[in-house]
Each structure stands twice: as C-alpha cells, then as structure tokens.
Amino acid sequence: VPDDLLLGLKFIFGPCAVPALDLVDQRSVTRVTSPSGRTLYQVLGSSGKLYTCYSSCHFCTCPAFGFSVLQKSESLLCKHILAVYLSQAMGACQELSVSEEQLTNILLAEEEDEG
C-alpha cells in the first residue's frame, strides 16, 4: 500500500488501519457463500479467534465492535470489518463455498458463542 494511501487510511480509521492491513496481508479474510447467494465473511483475528462479519449491514461479532462501535460510538468500525472492506478492494479474500445447511450452522455457532 503506498504511503499516501496508508496515511489516508490511518487518518480516517485511526488505530485499526494498520492491524486491519496486517489481517489482509496474512490472508485472514474468507468470503463464505452459499448456493442461494447469501454471503458472510469470517476473519481470523490476531488472537486466533474466528469472527463473523456482515459487510451488508456493517457488523462484526468481535467484542471491540460491540464496545467501541455500538456502545461507546468511539469508532466507525473494528479492524475485522475494515479488513473485510480492504480485502474486497484488493481482491485478497479467501473464497469458501458452503451448503445452505453449513451456512446455517456457522450462523447458529455464532449465536451460541454470544449467548
């Protein structure tokens, strides 16, 4: 990423810009699609935990998103969502096609983790 773009990313997105780029560099973003066309993203965080992101509604299951974005309104997004957007723009997403049942299981696993 050229220096001027990196500075722009850091100016707009603050401290999550560089960690998000690290996630993209590590190819930690996977686009998961089902035959019906439903799409979600899974991002392997720096802690080794897998987070589910929905770019269509700008949501991530990580604790930082819940706290910094939703509760405190301190940030526009977390590093995982930014990594999704950057990997889309750079064509750097891993691709995974799953059945409707597998996608449902991914969504239900996230629900169990939160509950």
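The rules behind each value
- Residues numbered from 1 in each chain as written.
- Predicted model: local features only at pLDDT ≥ 70, side-chain atom pairs only at ≥ 80, totals over all residues.
- Heavy atoms only, no water.
- Patch = residues over 30% accessible without salt bridge, like charges linked within 9 Å, V, L, I, M, F, W, Y side chains within 5 Å.
- Areas by Shrake-Rupley, 256 points an atom, 1.4 Å probe, with all protein chains shown as cover.
- Salt bridge = Lys/Arg side-chain N within 4 Å of Asp/Glu carboxyl O.
- Helix = DSSP H or I, 4+ residues; strand = E, 2+ residues; numbered from the N terminus.
- Pairing = 2+ DSSP bridges.
- UniProt positions renumbered as here; feature names shortened; annotations may be inferred.
- Core = buried A, V, L, I, M, F, W, Y, C linked by side-chain atoms within 4.5 Å.
- Buried < 20%, exposed > 50% of the residue type's maximum accessible area, 1.4 Å probe, protein only.
- Polar contact = N/O pair within 3.5 Å; in protein donor to acceptor, adjacent residues only side chain to side chain.
- Contact = heavy atoms within 4.5 Å.

**Structural notes on a nonpolar patch on the surface**
Piece 1. Among the surface-exposed residues, Val1, Leu5 and Met90 lie close enough to one another that they form a single nonpolar patch of about 300 Å² accessible area.
Piece 2. Within the element layout of this structure, Val1 appears in the segment before α1 (3-13).

**Quick notes on the pattern of salt bridges**
Piece 1. Per the counting criterion, the structure on display carries 2 salt bridges.
Piece 2. With its nearest N and O atoms 3.5 Å apart, the salt bridge here joins Arg31 to Glu95. Pair noted here: Arg31 is in strand β1 (residues 29-33) and Glu95 is in strand β5 (residues 94-97), with a separation of 64 residues, a long-range link.
Piece 3. The residue Glu100 makes a salt bridge to Arg38 at a minimum N-O spacing of 2.7 Å. Here Glu100, found in helix α5 (residues 100-114), pairs with Arg38, found in the loop between β1 and β2 (39-44); they are 62 residues apart in sequence, far enough to count as distant.

**Some thoughts on the sheet that holds strand β4 (residues 59-60)**
Piece 1. In space, the 5 strands of this open sheet follow the order β4-β3-β2-β1-β5, with mixed pairing throughout. The sheet terminates laterally at β4 and β5, the two strands that pair on one side only.
Piece 2. For strand β3 (residues 50-54) and β4, the ladder comprises 2 bridges, and the chain directions are antiparallel. Residue Cys53 lies in a different strand from β4, and its bridge partner there is Cys60.

**Concerning the UniProt feature "domain: SWIM-type" (unreviewed entry) in the chain**
Piece 1. The sites that UniProt annotates as "domain: SWIM-type" (unreviewed entry) are residues 51-89.
Piece 2. Between the C-alpha atoms that bound residues 51-89 there is a distance of 20 Å. The span itself is 51% helix and 15% strand.

**Structural notes on the nonpolar core**
Piece 1. Counting 25 residues, the largest nonpolar core has Val29, Cys53, Cys60, Leu82 and Leu86 as the members making the most contacts within it.
Piece 2. For this core, the secondary structure elements donating two or more residues are α2 (17-25), β2, β3, α3 (63-71) and α4 (79-90).
Piece 3. One finds Val32, Leu40, Val98 and Leu103 within the second-largest nonpolar core, a separate group that totals 6 residues.

**Considerations on the side chain of Ser34**
Piece 1. Relative to the helices and strands, Ser34 is located in the loop between β1 and β2.
Piece 2. Residue Ser34 is classed as buried on the basis of its relative accessible area, which comes to 7%.
Piece 3. In terms of polar contacts, Ser34 uses its side chain to reach the side chain of Glu100, at 3.0 Å.
Piece 4. Those residues in contact with Ser34 that lie beyond four places of it in its chain are Val98, Ser99, Glu100 and Leu103.

**Describing unusual backbone geometry**
Piece 1. In the Ramachandran plot, Arg27 falls in the positive-phi region, its phi being about 55° despite a non-glycine side chain.
Piece 2. Relative to the elements of secondary structure, Arg27 occurs in the loop between α2 and β1.
Piece 3. The phi torsion at Ser73 lies on the positive side, around 55°, for a residue other than glycine.
Piece 4. For Ser73, a relative accessible area of 57% translates into the label exposed.

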